[in-house]
Amino acid sequence: MKTVAVVPAAGSGSRMNREVSKQYLSLAGKPVLVHTLEALEACPGVESLCVVVAPQDLSTVRDEVLAPWGLRKTAAIVPGGRERQDSVRAGLEAVARDADIVLIHDAVRPFISTELVERCIRAAAETGAAALGVPVKDTVKEVTPDGRIVKTCDRTVIWLAQTPQAFRRDIIERAHREAFRDGFRGTDDTSLVERLGIAARMIPGDYGNIKITTLEDLAVAEVLLRLKATGERRRTNGEGRESAVLRGPMRKRFEP
Ligand code: CTP
Ligand code: MG
């Protein structure tokens, strides 16, 4: 079974509000895009990568990102389009005809683990379509444009979709073809597959698999990277022991 990863990296990062697009910003001295590509290249199940970049960045990415950082699994760099969906569609056209599974992963999610990528690929091979996601932690409200809360959603059934999302190649190609034909716009790829009547499998992801969208995400990313480097990440997963900083009666409850 052959899996190709498509990495949309053609956005301008308008919510980050920086001159340089967020996928090229430095995270501990390395572009965010390089962190993401390295994570995908480390997955044995991913055979090759197709990176989609803004047309004006094609040669810069080839000469200043892929070559110097030694990214060898990246087989194609293709120009993207106006919206994410257009960029993914451009990437799909460059995917080798003999690929069985297409894994789509945002360039700005650098903390993806090999284990979750492989789980996503396996689920797509079994069911046709799969996405990583996490249950919401906050209470979710439906709000009118003029700011009135009209509904509280049932939190137990609401998940936040992440990437990677993986698909059998024929399914994702048909989903994009039909969305394009119908002028349908979705913010992720499973939303296009849903229109075909196919229920994608939700794979429990990782709250640490953040999408770098605004400035504070970059600060969080620096911290996550430091924790990862020192192996302290396990503490955020409930292992290890937090030290109590409280005084008085409350402190006693935390003491062994
Ligand atoms: N993307 C893309 N082509 C576009 C728009 C987005 O390939 N025309 C990519 C981004 O580069 C990013 C991913 O899709 O890796 C997720 O999109 P998002 O977080 O929305 O990034 P931007 O569109 O760049 O940011 P913003 O929406 O704030 O402008
Ligand atoms: Mg966007």
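See the structure printed just above.
The structure presented is a predicted model; accordingly, all values stated were derived computationally and were not measured.

Rules used in this analysis
Within every chain, residues take consecutive numbers counted from 1 along the sequence as written. The naming scheme follows written order: chains are lettered A onward, ligands numbered 1 onward. Only residues with pLDDT of at least 70 are given local features in this predicted model, and only at 80 or more are side-chain atom pairs given and counted; all residues enter the totals for whole chains, interfaces and linings. Processing note: side-chain calculations cover all non-hydrogen atoms of the structure and skip hydrogens and water entirely. When DSSP locates at least two bridges between a pair of strands, those strands are taken to pair. Runs of E in the DSSP output that reach at least two residues are strands. Runs of H or I that reach at least four are helices, and both are numbered from the N terminus. Axis definition: a line fitted to C-alpha atoms, limited for helices to the stretch in contact. Angles are taken between N-to-C directions and run from 0 to 180 degrees. In what follows, roughly perpendicular refers to angles from 65 to 115 degrees, roughly parallel to angles under 35, roughly antiparallel to angles over 145, and oblique to any angle outside these ranges. Handedness of a crossing is defined here by the sense of rotation of the near helix relative to the far one, left-handed for an anticlockwise turn of less than a right angle and right-handed for a clockwise turn. Between two residues, a contact is recorded if the distance between any of their heavy atoms is within 4.5 Å. Ten residue types, Ala, Val, Leu, Ile, Met, Phe, Trp, Tyr, Cys and Pro, are classed as nonpolar, four, Asp, Glu, Lys and Arg, as charged, and the remainder, Gly among them, as polar. One less than the residue count of a helix, multiplied by 1.5 Å, gives the span that helix is expected to have. Residues are labelled near a given molecule or strand when at least one of their non-hydrogen atoms is within 4 Å of it. We call two N or O atoms a polar contact when they sit within 3.5 Å, provided that within protein one can donate a hydrogen and the other can accept it, with sequence-adjacent residues counted only if both atoms are side-chain atoms. To be clear on the numbers: accessible area is Shrake-Rupley with a 1.4 Å probe, and residue cover counts the displayed protein chains and nothing else. In this scheme, patches are assembled from residues that exceed 30% relative accessible area and form no salt bridge. Like charges are connected within 9 Å, while nonpolar side chains (Val, Leu, Ile, Met, Phe, Trp, Tyr) are connected within 5 Å. The working definition used for a salt bridge is a side-chain nitrogen of Lys or Arg within 4 Å of a carboxyl oxygen of Asp or Glu.

What follows covers the sheet that holds strand 6 (residues 101-104). Strand order in the open sheet made by the seven strands is 5-4-1-6-10-7-11, with mixed pairing throughout. Looking at which strands have only one partner, the edges of the open sheet turn out to be strand 5 (74-79) and strand 11 (201-204). The mean angle between the axes of side-by-side strands here comes to 25°, regardless of whether they run parallel or antiparallel. Here four bridges tie strand 6 to strand 10 (residues 159-168), and the two strands are oriented antiparallel to one another. Its bridge partner being in strand 10, V102 is matched across the sheet by F167.

A few words now on the packing of helix 3 (residues 84-93) against helix 5 (residues 169-182). Helices that pack against each other are described as a pair by the angle of their axes relative to one another and the distance between those axes. At a minimum axis separation of 11 Å, helix 3 and helix 5 run at an interaxial angle of 135°. As far as their axial angle goes, helix 5 and helix 3 are oblique. Along this stretch, helix 3 crosses helix 5, giving a crossing that reads as left-handed. Taking contact as the criterion, the partners of Q85, V88, R89 and L92 in helix 3 are, on helix 5, I172, E173, H176, A179 and F180. Classifying every residue of the contact of helix 3 with helix 5 by side-chain character gives five nonpolar, two polar and two charged.

The next thing to look at is helix 4 (residues 114-127). In a regular helix each residue adds 1.5 Å, so 14 residues correspond to 20 Å; helix 4 covers 20 Å between its end C-alpha atoms and thus fits that length. Check the buried side of helix 4 and you find it contacts strand 1 (3-9), helix 1 (32-41), strand 6, strand 7 (129-135), strand 10 and strand 11. Two residues or fewer after helix 4 comes G128, characterised by a positive phi angle close to 105°.

Next up on the list: the site of ligand 1. As a structural note, the neighbourhood of ligand 1 is formed by 19 residues, with P8, G13, S14, S87 and K211 the closest of them. Take A107: an N or O atom from its main chain is 3.3 Å from an oxygen atom of ligand 1. In isolation ligand 1 exposes 560 Å². Once the protein is present, 89% of that is buried. Of all the elements in the fold, those that place two or more residues in the shell around ligand 1 are strand 1 and helix 3.

To continue, consider the side chain of S191. Structurally, S191 is set in helix 6 (residues 190-194). Among the polar contacts made by the side chain of S191, one reaches the main-chain carbonyl oxygen of D188 at a distance of 2.8 Å. With residues up to four places along the chain from it excluded, the contact list for S191 reads F184 and G186.

A grouping of V245, L246 and M250 is seen on the molecular surface, where their side chains present a nonpolar patch of about 270 Å² in accessible area. Within the secondary structure layout, M250 lies in helix 9 (residues 249-254).

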